[in-house]
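Each chain, written out:
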Amino acid sequence: MTVNTTEYLINEILSSPNAPTLISRVSDILAEERERRTAFYNEITEQEKAEFINGEVIIHSPVKKAHNEISGNIYKIISSYVIENDLGFVGIEKILIQCTRNDYEPDLCFFNKVTSSKFKADQALFPIPNLIVEVLSKGTEKRDRGIKFEDYQNHGVQEYWIVDPVSNTIEQYILTSEKEYELKLKSSSGELESVAIANLILPIKTMFNAQLTHQFVKDIYSKE
């Protein structure tokens with residue numbers, strides 16, 4: 001949500017003679033939501049992939065094979081590069097990140113060394129990452145392009161990749177100085193240069209092909 005949209009909504013409420021009632025009602029709803037969020041933290045298990053979004057617990061269905069393979073390829077590439085260059089921490093699927101109102105488990109996220117150096121071995125809730133990758137599915141695309149896009153942008157996630165396993169296409173969004181996402185790249189070929197992970201440049205097709213992934217990872221570790 002942009003600053004202009006936020007100001008518009010605030011002004012709409014304040015222009016109503018029922019503004020105090022509306023604000024009080026919203027406050028009550030958010031208080032109830034916070035209680036449900038606390039219960040979510042207490043009840044969720046490591047076996048579930050679950051998120052807390054606008055007061056609701058979202059339990060995800062098992063992913064399809066293509067989704068799993070692509071997520072795995074990207075994780076191997078990024079984690080190998082980050083480990084080899086001592087850049088931070090890469091989490092996959094079960095890393096629960098906390099936004100102001102919502103909690104998400106991205107398909108993949110990267111935290112730089114400054115942030116990840118503070119993590120504990122038993123940590124279960126995580127701060128805002130520098131990079132998030134979401135691999136689309138029919139059940140998640142609306143959220144990945146909607147509320148998650150907005151929340152990641154508003155919370156300062158520096159770089160956001162949306163990966164389409166049907167068209168083998170990646171969209172790379174970069175946070176601008178105006179704190180809004182700008183589409184830097186949308187392609188199924190060529191190279192992607194990360195902004196959040198220093199000096200990481202990878203052929204896009206590598207993410208969609210296990211053999212190319214394997215070779216890319218070998219090259220990472222073979223460099224002097």
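Our structure is the block above this text.
Small disclaimer: the values here were computed from a predicted structure and weren't measured.

Engineer: So what exactly am I meant to see when it comes to the side chain of D144 here?
Structural biologist: For D144, the position within the fold is in helix α5 (residues 141-145). Excluding anything up to four places from it in sequence, D144 contacts E134, V135, L136, F149, Y160 and I162.

Engineer: Help me understand the sheet that holds strand β8 (residues 131-135) in this model?
Structural biologist: Adjacent strands of a sheet form backbone hydrogen bonds with each other and so pair up, either parallel or antiparallel. In space, the 6 strands of this open sheet follow the order β3-β6-β8-β9-β10-β11, with mixed pairing throughout. Two strands bound the open sheet, and with one partner strand each, they are β3 (88-92) and β11 (181-187). Pairs of neighbouring strands in the sheet enclose a mean axial angle of 15°, with direction left out of account. Pairing analysis gives 5 bridges linking β8 to strand β9 (residues 159-164), with the strands arranged parallel. When the bridges of β9 are listed, I132 appears paired with Y160. Strands in contact with helix α3 (residues 65-84) are β3, β6 (108-112), β8 and β9; relative to β3, the strand with the most contacts, it is inclined by about 170°.

Engineer: Before we go on, may I ask you to explain a nonpolar patch on the surface in this structure?
Structural biologist: On the surface, I10, I13, L14, L22 and I23 cluster together to form a nonpolar patch covering roughly 420 Å² of accessible area. Here the nonpolar patch gets 3 residues from one element, more than from any other, and that element is helix α1 (residues 3-14). Within the fold, I23 resides in helix α2 (residues 19-43).

Engineer: Explanation requested: α3 in the structure shown.
Structural biologist: Given 3.6 residues per helical turn, the α-helix brings residues three or four places apart onto the same face. In this model α3 runs 28 Å from its N-terminal to its C-terminal C-alpha over 20 residues, within 8% of the 28 Å that 1.5 Å per residue would give. Taken residue by residue, α3 has H67, I70, S71, G72, N73, I74, I77, I78, S79, S80, Y81 and V82 as its buried positions. For α3, the secondary structure elements touched by its buried residues are β3, β6, β8, β9, β13 (201-203) and α7 (210-222). Looking at the residues trailing α3, positive phi occurs at D86, about 55°.

Engineer: Which parts of the structure should I look at to understand the environment of C99?
Structural biologist: Note on placement: C99 falls in the loop between β4 (96-98) and β5 (103-104). Remark: the alpha-carbon pair of C99 and L202, spanning 103 residues in sequence, is separated by 29 Å. Apart from residues lying up to four places away in sequence, C99 is in contact with R37, Y104, I128, D151 and H155.

Engineer: Looking at this structure, I do not really get the nonpolar core. What am I missing?
Structural biologist: Nonpolar side chains tend to gather and get buried jointly when the protein is soluble and globular. In this structure, I74, I78, W161 and M207 are the most contacted members of the largest nonpolar core, which totals 26 residues. Here this core gets 6 residues from one element, more than from any other, and that element is α3. With sequence-adjacent residues up to four places away left out, I78 is seen in contact with V90, L108, L131, W161, I197 and L200.

Engineer: Would you explain the pattern of salt bridges in this entry?
Structural biologist: As a working rule, side chains carrying opposite charge can pair if their charged atoms are close by. The final tally for this structure, using the stated rule, is 9 salt bridges. Close ionic contact of E51 with K148 constitutes a salt bridge, the shortest N to O distance being 2.8 Å. One end of the pair, E51, is in strand β1 (residues 50-53); the other, K148, is in helix α6 (residues 147-154), with 97 residues separating them in the sequence. Classification of E51 by relative accessible area gives buried; the value is 0%. D86 is paired through a salt bridge with K113; the nearest N and O atoms lie 2.5 Å apart. With a gap of 27 residues between them, D86 in the loop between α3 and β3 and K113 in helix α4 (residues 113-116) connect regions that are remote in the sequence. Residue classification places K113 among the partly exposed positions, given a relative accessible area of 43%. Beyond isolated ion pairs, a larger network of salt bridges with shared partners links E51, E134, D144 and K148.

Rules used in this analysis
- Numbers given to residues run from 1 along each chain, matching the order in which its sequence is written.
- Residues qualify for local features only when their pLDDT is at least 70, as the model is predicted, and side-chain atom pairs are given and counted only at 80 or more; totals for whole chains, interfaces and linings, by contrast, use all residues.
- Side-chain calculation: all heavy atoms of the structure are included, whereas hydrogens and water are not.
- Helix and strand labels come from DSSP, where a helix needs a run of H or I of at least four residues and a strand needs a run of E of at least two; each type is numbered from the N terminus.
- We call two residues in contact when some of their heavy atoms are within 4.5 Å.
- Two strands qualify as a pair provided that DSSP identifies no fewer than 2 bridges between them.
- Note on definitions: angles span 0 to 180 degrees between N-to-C directions of axes, and those axes are lines fitted to C-alpha atoms, for helices only across the stretch in contact.
- Here a patch means residues that are over 30% exposed by relative accessible area and free of salt bridges, tied together within 9 Å if like-charged and within 5 Å if nonpolar (Val, Leu, Ile, Met, Phe, Trp, Tyr).
- In this description, accessible areas are obtained by the Shrake-Rupley approach with a 1.4 Å probe, and a residue is regarded as covered only by the protein chains that are shown.
- Take a side-chain nitrogen of Lys or Arg and a carboxyl oxygen of Asp or Glu: if they are within 4 Å of each other, that pair is a salt bridge.
- Multiplying 1.5 Å by the helix residue count minus one yields the expected span of that helix.
- Note on classification: 1.4 Å probe, protein chains only; a residue is buried when its accessible area is under 20% of the maximum for its type, exposed when over 50%, partly exposed between these limits.
- Nine residue types can take part in a nonpolar core, namely buried Ala, Val, Leu, Ile, Met, Phe, Trp, Tyr and Cys, and a core is a set of them joined through side-chain atoms within 4.5 Å.

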